[in-house]
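Residue-level listing of the chains:
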Amino acid sequence: MQTMISEIAAHDGETVTLKGWLYNARSGGKIRFLLLRDGTGTIQCVASRADVGEETFELIDTLTQESSIVVTGVARADKRAPGGFELDVKHLELIGRADEYPISLKEHGTAFLMENRHLWVRSRRQVAILRLRHEIIRAIRDFFDNRGFTLYDTPIFTPSACEGTSTLFETEYFGEKAYLAQSGQLYAESGAMALGKVYCFGPTFRAEKSKTRRHLIEFWMVEPEVAYLDLEGDMELAEDFISYIIERVLENRQEELKTIERDTAPLEKIKKPFPRITYTECVDIIKKAGHPIEWGDDFGGDEETVVSSQFDAPVMVHRFPAEIKAFYMKSDPEDERLALGFDMLAPEGKGEIIGGGQREDDYDTLVKKIKAHNLPLEAFNWYLDLRKYGTVPHAGFGLGLERTVGWICGLPHVRETIPFPRMLHRMKP
RNA sequence: UCCGGAGUAGCUCAAUGGUAGAGCGGGUGGCUGUUAACCACUAGGUUGGGGGUUCAAGUCCCUCCUCCGGAGCCA
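For clarity, every value in this text was computed on a predicted model and none was experimentally measured.

(A) Structural view of the protein's contact with RNA strand B. In the region of RNA strand B, 48 residues are neighbours, and Asn-24, Arg-26, Ser-210, Arg-213 and Arg-403 sit closest. Each atom of RNA strand B within 4 Å of the protein was assigned to sugar, phosphate or base; sugar and phosphate come to 46%. Here a phosphate oxygen of RNA strand B sits 3.4 Å away from a polar atom, N or O, in the main chain of Lys-30. For RNA strand B, a base oxygen lies 2.6 Å from a polar atom in the side chain of Gln-44. Elements with a minimum of two residues in the surface near RNA strand B: strand E1 (15-27), strand E2 (31-37), helix H2 (110-115), strand E11 (218-227) and strand E17 (351-358). Considering every element that reaches the surface near RNA strand B, the biggest residue donor is E17, with four residues.

(B) Quick look at the nonpolar core. In terms of nonpolar packing, the biggest core is built from 46 residues, with Ile-140, Phe-241 and Ile-242 touching the most fellow members. For this core, the elements supplying multiple residues, two or more each, are helix H4 (124-145), strand E10 (197-205), E11, helix H6 (231-252), strand E16 (341-346), E17, strand E18 (394-400) and helix H13 (401-409). Residue contributions to this core peak at ten residues, all from H6. In this structure, Ala-47, Phe-57, Ile-60 and Leu-92 belong to the second largest nonpolar core, which totals 21 residues.

(C) Region of the structure containing the packing of helix H9 (residues 279-288) against helix H10 (residues 301-308). In contact at an axis separation of 9 Å, H9 and H10 are set at 95° when each is read in the N-to-C sense. Between H9 and H10, the interaxial angle falls into the category roughly perpendicular. Together, Cys-282, Ile-285 and Ile-286 of H9 and Glu-303, Val-306 and Val-307 of H10 make up the contact between the two elements. Residue composition of the contact of H9 with H10, by class: five nonpolar, no polar and one charged.

(D) Representation of the pairing of strand E9 (residues 176-180) within the structure. Both strand E7 (residues 157-158) and E9 contribute to a ladder of two bridges, which runs antiparallel. Counted as the bridge partner of Thr-158 is Tyr-179 from E9. Relative to E9, strand E8 (residues 170-173) is paired through four bridges, and the arrangement is antiparallel. Along E9, the bridge assignment pairs Glu-170 with Tyr-179. As consecutive antiparallel partners, E8 and E9 are separated by two residues, and within that stretch Phe-174 has a phi angle of approximately 50°, a positive value.

(E) View of the pairing of strand E3 (residues 42-48). Most of E3 is tucked away, with five of its seven residues classed as buried. Hairpin connection between E2 and E3: a loop of four residues separates the two successive antiparallel strands, and Gly-39 in this loop has a positive phi of roughly 95°.

(F) How the structure looks around the packing of aromatic side chains. Applying the stated criterion across every chain yields a total of 20 aromatic pairs. Aromatic side chains Phe-143 and Tyr-244 sit 5.7 Å apart centroid to centroid with 45° between the ring planes, which places their arrangement in the tilted category. Of this pair, Phe-143 sits in helix H4 while Tyr-244 is found in helix H6, placing the two residues 101 residues apart along the sequence. Judged by relative accessible area, which is 22%, Tyr-244 ranks as partly exposed. Arranged with centres 4.9 Å apart and planes meeting at 55°, the rings of Phe-144 and Phe-149 form a pair that is tilted. Neither Phe-144 nor Phe-149 differs from the other in exposure class; each is buried. Ring pairing ties together the aromatic residues Phe-143, Phe-144, Phe-149, Tyr-199, Phe-241, Tyr-244, Phe-342 and Phe-397, which thus form one cluster. Seen from the ring of Trp-295, Arg-337 lies directly overhead, with NZ or CZ sitting 4.6 Å from the centre. The side chain of Arg-387 reaches across the aromatic face of Tyr-383, ending 4.2 Å from its centre.

(G) Region of the structure containing helix H5 (residues 185-195). Here H5 has its buried residues at Gln-185, Leu-186, Ala-188, Glu-189, Ser-190, Gly-191 and Ala-192. Against the buried residues of H5 lie E10, E11, helix H12 (381-388) and E18. The positive-phi residue at the C-terminal boundary of H5 is Gly-196, with phi of around 90°.

(H) Representation of the sheet that holds E16 in the model. Within the open sheet, the eight strands sit side by side as E6-E10-E11-E18-E17-E16-E13-E12. Their pairing is mixed. Either end of the sheet is taken by a strand with one partner, and the two such strands are strand E6 (150-151) and strand E12 (276-278). Contacting E6, E10, E11 and E18, H4 crosses the sheet at an angle of about 150° to E10.

Definitions and limits used
Residues numbered from 1 in each chain as written. Chains lettered and ligands numbered in written order. Predicted model: local features only at pLDDT ≥ 70, side-chain atom pairs only at ≥ 80, totals over all residues. Heavy atoms only, no water. Near = heavy atom within 4 Å. Polar contact = N/O pair within 3.5 Å; in protein donor to acceptor, adjacent residues only side chain to side chain. Helix = DSSP H or I, 4+ residues; strand = E, 2+ residues; numbered from the N terminus. Core = buried A, V, L, I, M, F, W, Y, C linked by side-chain atoms within 4.5 Å. Buried < 20%, exposed > 50% of the residue type's maximum accessible area, 1.4 Å probe, protein only. Axes fitted to C-alpha atoms, helices over the stretch in contact; angles between N-to-C directions. Parallel < 35°, antiparallel > 145°, perpendicular 65-115°, else oblique. Contact = heavy atoms within 4.5 Å. Nonpolar A, V, L, I, M, F, W, Y, C, P; charged D, E, K, R; others polar. Pairing = 2+ DSSP bridges. Phe/Tyr/Trp six-rings, centres within 6.5 Å; stacked < 30°, edge-to-face > 60°. Lys NZ or Arg CZ within 6 Å of the ring centre and 35° of its normal.

Laid out in structure tokens, this is it:
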């Protein structure tokens, strides 16, 4: 029977079998220290010539880093051991001898680590980050599932753009042009009219030549869409959503946060309600900070940081100029120049993690907006049907998973938040 | 795509235009409590590719490639 290293404390004094990989080895004259990892943790195994016998002792001296081994021995609490417990080895079996492992315990450059991403994921830090990603995904699903949302999977092959602005990956679909989805939103809107409250959650693709610490070419996005919801309700939903994710991570993943040396104080400070400020107020804040900006300009990374650094919690900026926002956004009835949309900016200068808002629900207005954005009307016939057959006010948003993971983990770059990041000019391994 | 920086041993980095080096990793040996162990010895190089200047180029010039950082666009 196999015992996982994370559960070793429950087996103090017992004989257990651990299965894993050799992380590091140190030797004394007649004693060997083997650091074993199994994906749940690491433990120091101690082997003496007298305990394991001549043959096994010599085998141990030939073990290379990352060789897979099965070790049986007695678990024992020991202050000298990293992790508090160690294993007195009785038997050791070599499963697969590793070739010279490229990733040593010393420092490496980013390029080298990215080229060896398939091996890099074994390292302690990467394991912790991937577990945090998993926790965040589970929290996302639980949040919506517990609130009566239905998962509504949207297609990845799509016949046309949903926003004219971003660049799409073009591919071929049995002789027809097809594009990889850059958002599931328009399809999710059809789900809201069928099921009331839905969300889609999947990979999305943007062929933008973006080369920054916040961009991936392929990234995961969760997009809720709710019938009979307005902008204010949408912002409340987003605020509850983010609060829930943070709460879950702090509750379940202290160990991993410690491993990656994340200071949790900024996360613990996050409490509802989140600040809500209008785009127009934002422009004033940015101007006062000495950045040149005019009403009507979109925010760059620096501008976002100026705004978000003024608050402990994520800040929601709403009512952007309609001109710089997508065609499907509803205009503010109190000021037609404004769109009923919002962005949520993460604290600590991590930038936009959510974009969303209320959708245009009037048929004629939507047709005008599609035309004004120079988009082909016929591609949106099905979408316009949603306004033709029982239109209702509705709203939703999209959350970028990798940016959220990067923020919560306190990482400077999103490339470590997904097992195999697809970036500009990098598709290997 | 634009602006900046960098490519030297498996990895991280040194080397005034004048004989390419260290630490780690690998190999061999030593050590009974190591914590990225330590000590000794040892192997390991077309200095990113191509062209040029020079008596002489890792070093200077041109060009291409790759990577890193930033900008724009966006989640």
